[in-house]
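Descriptive structure summary
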Amino acid sequence: MTTTAHRVEPENNDHKPLGHGRMLRKEDPRFVRGRGRYVDDVQLPGMLHLAILRSPVAHARIVSIDVTAAQASPGVRAVVTGEALGEQGLAWMPTLSGDVQAVLATDKVRFQGQEVAFVVADDRYAARDALELIDVEYDMLDPVIDARTALAPEAPVIRDDLDGKSDNHCFDWETGDAEATERVFAAADVVVSQDIVYPRVHPAPMETCGAVADFDPVEGKLRLWSTTQAPHAHRTLYAMVAGLPEHKIQVISPDIGGGFGNKVPIYPGYVCAIVGSIVTGKPVKWMEDRSENLISTGFARDYVMRGEIAATRDGKILAIRTNVLADHGAFNGTAAPVKYPAGFFGVFTGSYDLQAAYCKMTAVYTNKAPGGVAYACSFRITEAVYLVERIVDCLAYRLEMDPAQLRLKNLLRPEQFPYTTRTGWVYDSGNYEPTMRLAMEIAGYEELRREQAEKRERGELMGIGIAFFTEAVGAGPRKDMDILGLGMADGCELRVHPTGKAVVRLSVQTQGQGHETTFAQIVAEEIGIPPDDIDVLHGDTDNTPFGLGTYGSRSTPVSGAAAALVARKVRDKARIIASGMLEVSVADLEWRKGAFHVKGDPGRSVTIQDVAMRAHGAGDLPDGIEGGLEAQICYNPSNLTYPHGAYICVVDVDPGTAQVKVRRFIAVDDCGTRINPMIIEGQVHGGLTDGVGMALMEMIAFDPDGNCLGASLMDYLIPTALEVPDWETGFTVTPSPHHPIGAKGVGESATVGSPPAIVNAVVDALKPFGVSHADMPLTPSRVWDAMRGAARPP
Ligand code: MCN
Ligand code: CUN
């Protein structure tokens, strides 16, 4: 295995990225000129507007709903309640994790913001005005807000809709070997335990969720423009829920203003828009507002964890054990592969060589919005990496060891790959030490520690935090991974037109990641057509092959592989046609950047464009070769890809105000072969900014009655350019051995790796106060409390 290390500097160009490396994004001209086309830009003749009435309370029985006044309100075309949906069997829908969720509440409301009724009217204002006229009588019930009380015998049962349900238990899950881990812990010199909370946060994409549904009763066809990261999977679900034939449903996901996992689940609003269109016979648009997005759509995290680490006195890590209480909200709307109810949390063993590991998890229902897997989480690897990187720092604190040295001592070594973890994950490739060393070199680690020591002498609070992560991205091998029975493979289709221009059709769906550019680059590299001559189509189920969509940084690992392989398939056919054109055998041809040359006679050659014309043109083709130059494949990955990275954060804490300032942040990422370094840096910068948000500012909190306290961007603080430093990045390249171009995913790496680095830095700054842990978000008040030894319960 070869790994190369590089520091990103303006003058240092990138180590051999894929051809056309830093090409500018093909999609940007339309975005910067205001020509992006988002769901809310869709205008259809006669289109009506839908608004949703949401529950003002967290837990209550619905006694009655009176819609008479709303129905009489000007411009109103329809008012629909859960009861009316129930008559059509549509009041409940399946979630992506096999639970059910109310489309509109019939019996009870189970979280503040839950959908209760909807109005369809001539315009958005008429629809919203009519909501005010719907009279709902609620019989209040006690809410369950803190997951830690959800299983108490006296806790009110939230999901009494489920047969025989008498508690708020959602599921249990375990991984690793409990007994082996116990043996290692019992014999270890040192054991450190820490309660660690990863609070509920929200992805808060710039564009909220919405849909335009257009049901044509004559054709019997439903067209649905919607904000979805997984159009094909959604189409199948609509077919199953609504009983519509799947070939009569077209899901179109146009430009999307950020997803971050928020646009993976199916929301009641989408179903309401479909019902609204069927009922009125007109196209219907639903667009939620910011508060609706924050209170009712897919949240992230909400894990209460106990981490334990066992080690020798000189710092050899032996085992990690964790107990997790997972808050899944009122419905289990998590979008994770069926066999993985806790997502990929199983990688909590991190980047270290352990003797044993064990995790036991209990998930509960609470009176909060459903969701769980979102916000660049890599299927819960955010939580796993936070746990392991925090607990490793707790060990360093106890052993009075330097956290960088402790990690270096325990990182997996290159000869151990492919490495099977104690919880059964097979890390495909990795070379961790150079990545860690490069981060330390860019940071000037030794010098930073000297500066810190001097500052401590003067009573100044400076902290240095480290996090090392390994991710598992690219779900996934279909033998292990499916969502509601749909295997997680991706299709890809490539058509080369007679003049040598091409169209590649993907089953994944970009939300800002730049797929129109990078997938053109992948195909260009394989087939020699310039990327500007290759259009990338996605986000339209009628016009792209089936696949499971974009999340868990799976596009590059799965669809990226599909794109490379479909291009090779076309190239193989082109080679046969070229052999006919040059009148030599296939074996006598050599492929070099866009042309087939006759071996030993390089002057004789045909370009891929020549071949494309011949494939479609006059004249005979070699025996058995059909006309045209196109191919389709479905790629089923043999394993996930395992990117890794080393992050170092430097913070200053104001001893007077407890304000944290992130002064420097160094991120060294290894995502294997790099397709477009500029896009990768953009992904990393964005993820690091998210990390600052989660570590220092963001939390979806609730009051004891279940009122969401993060219902607007006034209360739910997200970071701006003012809160973040100039990111310093570097990279190493350890290709994936099983991916056709060696690429691994990167889209969520920085969100996964940065929160522990920042928290570790703040805790390190507070070391003079004897602080060894503090929970996110590290707002000034929490830091203040920590300094005064009065850490409040989160
Ligand atoms: N890339 C590359 N070389 C690699 C790996 C990736 O050039 N070795 C490029 C890819 O070609 C792609 C981008 O980086 O253009 C991200 O690729 P990948 O890591 O495969 O992730 P996905 O495309 O599957 O994107 C999903 C990921 C997720 S799950 C979240 S959440 C998130 C993220 O992407 N949401 C985003 N980044 C986001 N960025 C934007 N702008 N908006 C979101 O909603
Ligand atoms: Cu978990 S957020 Mo991304 O996988 O869409």
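Rules of the game
Residues numbered from 1 in each chain as written. Chains lettered and ligands numbered in written order. Predicted model: local features only at pLDDT ≥ 70, side-chain atom pairs only at ≥ 80, totals over all residues. Heavy atoms only, no water. Near = heavy atom within 4 Å. Polar contact = N/O pair within 3.5 Å; in protein donor to acceptor, adjacent residues only side chain to side chain. Nonpolar A, V, L, I, M, F, W, Y, C, P; charged D, E, K, R; others polar. Buried < 20%, exposed > 50% of the residue type's maximum accessible area, 1.4 Å probe, protein only. Helix = DSSP H or I, 4+ residues; strand = E, 2+ residues; numbered from the N terminus. Pairing = 2+ DSSP bridges. Axes fitted to C-alpha atoms, helices over the stretch in contact; angles between N-to-C directions. Contact = heavy atoms within 4.5 Å. Donors = N, O, S within 2.8 Å, 3.2 Å for Na, K, Ca; no water.

Observations concerning the site of ligand 2
Inspection of the region around ligand 2 gives Gln229, Phe260, Gly261, Val373, Ala374, Tyr375, Ala376, Cys377, Ser378, Tyr551, Gly552 and Glu748 as its neighbouring residues. Side-chain polar atom of glutamine 229 to an oxygen atom of ligand 2: 3.0 Å apart, as the coordinates give it. Here an oxygen atom of ligand 2 and a backbone polar atom of glycine 552 are 2.5 Å apart. Across the shell around ligand 2, the residue classes tally to 7 nonpolar, 4 polar and 1 charged.

Digging into the pairing of strand β28 (residues 589–592)
What you see with β28 is a clean split: Leu589 and Trp591 sit on the buried side and Glu590 and Arg592 on the side with no burial. Sheet topology note: the β28/strand β29 (residues 595–598) ladder contains 4 bridges and is antiparallel. Across the sheet, the residue bridging to glutamate 590 is histidine 597, located in β29. Two successive antiparallel strands, β28 and β29, enclose a turn made up of 2 residues, where lysine 593 displays a positive phi of approximately 30°.

Some remarks on the sheet that holds strand β13 (residues 221–226)
Adjacent strands of a sheet form backbone hydrogen bonds with each other and so pair up, either parallel or antiparallel. Spatially, the 7 strands line up as an open sheet ordered β4-β8-β2-β15-β12-β13-β14, and their pairing is mixed. This sheet does not close on itself; its edge strands, each paired only once, are β4 (76–81) and β14 (249–252). This sheet shows a mean twist of 20° between the axes of neighbouring strands, independent of strand direction. Of the pairings in the sheet, the one linking strand β12 (residues 210–216) to strand β15 (residues 284–287) comprises 4 bridges and is antiparallel in character. In the sheet register, valine 212 faces β15, and the bridge partner there is lysine 285. Each of β13 and β14 is contacted by helix α6 (residues 231–242), which is oriented at about 145° to β14, the strand it contacts most. Packed on one face of the sheet, helix α7 (residues 268–280) meets β2 (48–54), β4, β8 (115–121), β12, β13 and β15 and runs near 30° to β12.

A short note on unusual backbone geometry
Residue proline 418 is reached from phenylalanine 417 by a cis peptide bond, and omega for that bond is -5°. Locating proline 418 in the fold gives a position in the loop between α10 (403–410) and β20 (419–420). The omega torsion of the bond from methionine 776 to proline 777 falls at -5°, within 30 degrees of zero and hence cis. By the element assignment, proline 777 lies in the loop between α17 (749–765) and α18 (780–787). Even without being glycine, tyrosine 375 reaches a positive phi, approximately 65°. Within the secondary structure, tyrosine 375 sits in the loop between β19 (371–372) and α9 (381–399). Its relative accessible area of 2% is what places tyrosine 375 among the buried residues. A positive phi angle, close to 55°, is found at phenylalanine 379, a residue other than glycine.

A closer look at the coordination of the copper atom of ligand 2
Protein coordination of the copper atom of ligand 2 rests on one atom only, Cys377 (SG), at 2.2 Å. On the secondary structure map, cysteine 377 appears in the loop between β19 and α9.

Everything listed here is a matter of coordinates, which is why it stays silent on function.
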